[in-house]
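# A look at the structure
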Amino acid sequence: MGKIAFVFPGQGAQAVGMGKDVYDALPQSRAVFDKGDEVLGFSLSRLVFEGPDSDLKQTVNTQPALVTTSVAYLEALAGKGLKPDYVAGHSLGEYSALVAAGVLSYEDAVQLVRLRGRFMEEAVPGGQGAMAAVLGAEREALAGLCRSISEEGNTVELANVNCPGQIVVSGSQAGVSAVVERVKEAGGKRAIPLEVSGPFHSSMMKEAAERLAAELQRVTFNAPAVPVVVNVTASPVTDPEEIRELLVRQVYSPVLWQDSVEWLIANGVDTFVEIGSGSVLAGLIRKIDKAVKVIGINSLESVQAEL
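Per chain, residues are indexed from 1 in the order of the written sequence. Since the coordinates come from a predicted model, pLDDT governs what is reported: local features require at least 70, and pairs of side-chain atoms require 80 or more to be given and counted, while whole-chain, interface and lining totals use all residues. The side-chain numbers reported here are obtained from all heavy atoms of the structure, hydrogens and water having been left aside.

The next point concerns the environment of Ser 45. The helix count covers DSSP runs of H or I at least four residues long, the strand count covers runs of E at least two residues long, and both are numbered beginning at the N terminus. Looking at the element boundaries, Ser 45 is found in helix H3 (residues 44–50). Under the scheme applied here, a residue whose accessible area is under 20% of the maximum for its type counts as buried, over 50% as exposed, and between as partly exposed, the area being computed with a 1.4 Å probe on protein chains only. Exposure remark for Ser 45: the relative accessible area of 7% places this residue in the buried category. As for Ser 45 and Asp 55, which are separated by ten residues in sequence, their C-alpha atoms are 13 Å apart. Residue contacts follow a heavy-atom distance rule, with two residues in contact if any of their heavy atoms lie within 4.5 Å. Aside from chain neighbours lying at most four places away, what touches Ser 45 is Phe 33 and Asp 37.

Given below as structure tokens:
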């Protein structure tokens, strides 16, 4: 029997109505949403279940909504006897992973990501930053193109290394536009601008990271029950203080998702359990390695069926 990794999705996986089935059916999942409403001081659950989508898409709302939904599905799994050997999350999903590993309480995590979302939105004035998904380019070639465009005065950097042939770039509007126009220079097929409210995971987020660092200092970080494979280094971390510091760096550093999944597979993981809304990570993991098993826990049905 190989090892199991629990993985948690990030921004982009949200959907109005997510988590409603486990909220209605399972008291332990309902308690997560109720606790979120209480600690945030507004009805996050109503926003998640009823929308509107335009409000749910705002980073300041999306981040606590996704963490809450992931933790509600995680609680739905409790008592099923499924225990991970490792946990990991994509960008924002790292906070859900830290709750799963016992590093952060849900209450602290949901408040932190609400602030993280606000700081990220406020770091760069609207319209000045952008992101785009680049398809078909090699990582080194794309990094080289980003460097040459940045040297011309228009910041653009690798933001998410998701899977072979899918890398997201982030930076100034002009920098990202230049990548979209010149993508073929890096061997890419095309680049698709993303609907986001800022240049996430780029150096333009350093102000947001500094503001988040102050908030992270106020929160207790426990030693993880299982190793957390983090975005910044794509390697396992077990020291709570190192995890705290890496969450600051994560805001302006690339998300090394492909590298993280490859590390997990190289270290014996053959089953990935994606916990939360949608199936974005399942798709990426299959593109990284078709041989591994991916289970999606994103509905009441899946909670009951898979286990």
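So, on to helix H8 (residues 139–151). By this rule, a helix spans an expected 1.5 Å times one less than how many residues it contains. Compared with the 18 Å implied by 1.5 Å per residue over 13 residues, the 18 Å span of H8 between its first and last C-alpha is a close match. Turning to H8, its buried residues number three or more, namely Leu 142, Ala 143, Leu 145, Cys 146 and Ile 149. The buried side chains of H8 occupy one side of the element, clustering within an arc of 160 degrees when seen end-on. For H8, the exposed residues lying more than 90 degrees away from the buried face are Glu 140, Arg 147 and Glu 151. The inward-facing, buried residues of H8 contact strand E3 (129–135), strand E4 (156–163), strand E5 (166–172) and helix H9 (173–182). By arc we mean the arc of the directions from the helix axis to the C-beta atoms, nothing more.

Turning to the state of the cysteines, a few remarks are in order. Throughout, a disulfide means two cysteine sulfur atoms within 2.5 Å of one another. Inspection of the entire model under this criterion finds zero disulfides. Between Cys 146, a cysteine without a disulfide, and Cys 163, which holds the nearest cysteine sulfur, the sulfur-to-sulfur distance is 17 Å. The exposure class of Cys 163 is buried, given its relative accessible area of 2%.

Turning next to the pattern of salt bridges. Salt bridge, as applied in this entry: a Lys or Arg side-chain nitrogen positioned within 4 Å of an Asp or Glu carboxyl oxygen. As enumerated under the stated definition, the model contains eleven salt bridges in all. Between Arg 118 and Glu 122 there is a salt bridge, with the nearest N and O atoms lying 3.6 Å from each other. Taken together, the residues span about one helical turn, with Arg 118 and Glu 122 both in helix H7 (residues 106–123) at a distance of four residues. Residue Glu 122 is classed as partly exposed on the basis of its relative accessible area, which comes to 43%. A salt bridge links Arg 182 to Glu 152; the shortest N-O distance between them is 3.5 Å. Of this pair, Arg 182 sits in helix H9 while Glu 152 sits in the loop between H8 and E4, and the two are 30 residues apart along the sequence. With relative accessibility at 52%, the residue Glu 152 sits in the exposed group. When salt bridges with common partners are traced through the structure, they connect Arg 118, Glu 122 and Arg 211 into a single cluster.

Let us now look at the pairing of E4. Among the eight residues of E4, seven are classified as buried, and the element is accordingly described as predominantly covered. As defined by bridge partners, E4 adjoins E5 across six bridges and the pair is classed as antiparallel. When the bridges of E5 are listed, Val 161 appears paired with Ile 167. At least two bridges found by DSSP between two strands are what make those strands a pair. Linking E4 to E5, which pair antiparallel, is a turn of two residues; within it Gly 165 sits at a positive phi near 85 degrees.

A few words now on the sheet that holds E3. One open sheet holds the four strands; their spatial order is E4-E5-E3-E6, and the pairing between them is antiparallel. Of all the strands in the sheet, just E4 and strand E6 (190–193) have a single pairing partner and so form its edges. The average undirected angle you get between the axes of adjacent strands in this sheet is 25 degrees. Think of each axis as a best-fit line through the C-alpha atoms, taken over the contacting stretch in the case of a helix, with angles from 0 to 180 degrees between the N-to-C directions. Sitting on the sheet, H8 touches E3, E4 and E5, and the angle it makes with E4 is about 165 degrees.

Our next topic: the packing of aromatic side chains. Given two aromatic rings, one states the distance between the centres and the angle between the planes to describe the pair. Only Phe, Tyr and Trp rings take part, Trp by its six-membered ring, and two of them pair if their centres are within 6.5 Å. Stacked means planes under 30 degrees apart, edge-to-face means over 60, and tilted covers everything else. Enumeration over the complete set of coordinates arrives at four aromatic pairs. Plain terms: the ring middles of Tyr 86 and Trp 263 are 5.3 Å apart, the flat faces sit at 90 degrees to each other, and that makes the pair edge-to-face. Taken together, the residues span a long stretch of sequence, with Tyr 86 in strand E2 (residues 86–89) and Trp 263 in helix H12 (residues 257–266) at a distance of 177 residues. The buried category is assigned to Tyr 86, whose relative accessible area is 10%. You can call Trp 263 partly exposed: its relative accessible area is 23%. Each residue in the set Tyr 23, Phe 33 and Phe 49 is aromatic and connected to the rest through ring pairs, giving one cluster. We call a charge positioned over a ring when the NZ of a Lys or the CZ of an Arg lies within 6 Å of the ring centre and within 35 degrees of the ring normal. Here the basic side chain of Lys 20 rests over the ring of Phe 49, its NZ or CZ set 5.7 Å away from the ring centre. Here the guanidinium or amino end of Lys 206 rests over the ring plane of Tyr 252, the centre of that ring lying 4.9 Å away.

Note that all results are geometric; they support no functional claim without further evidence.
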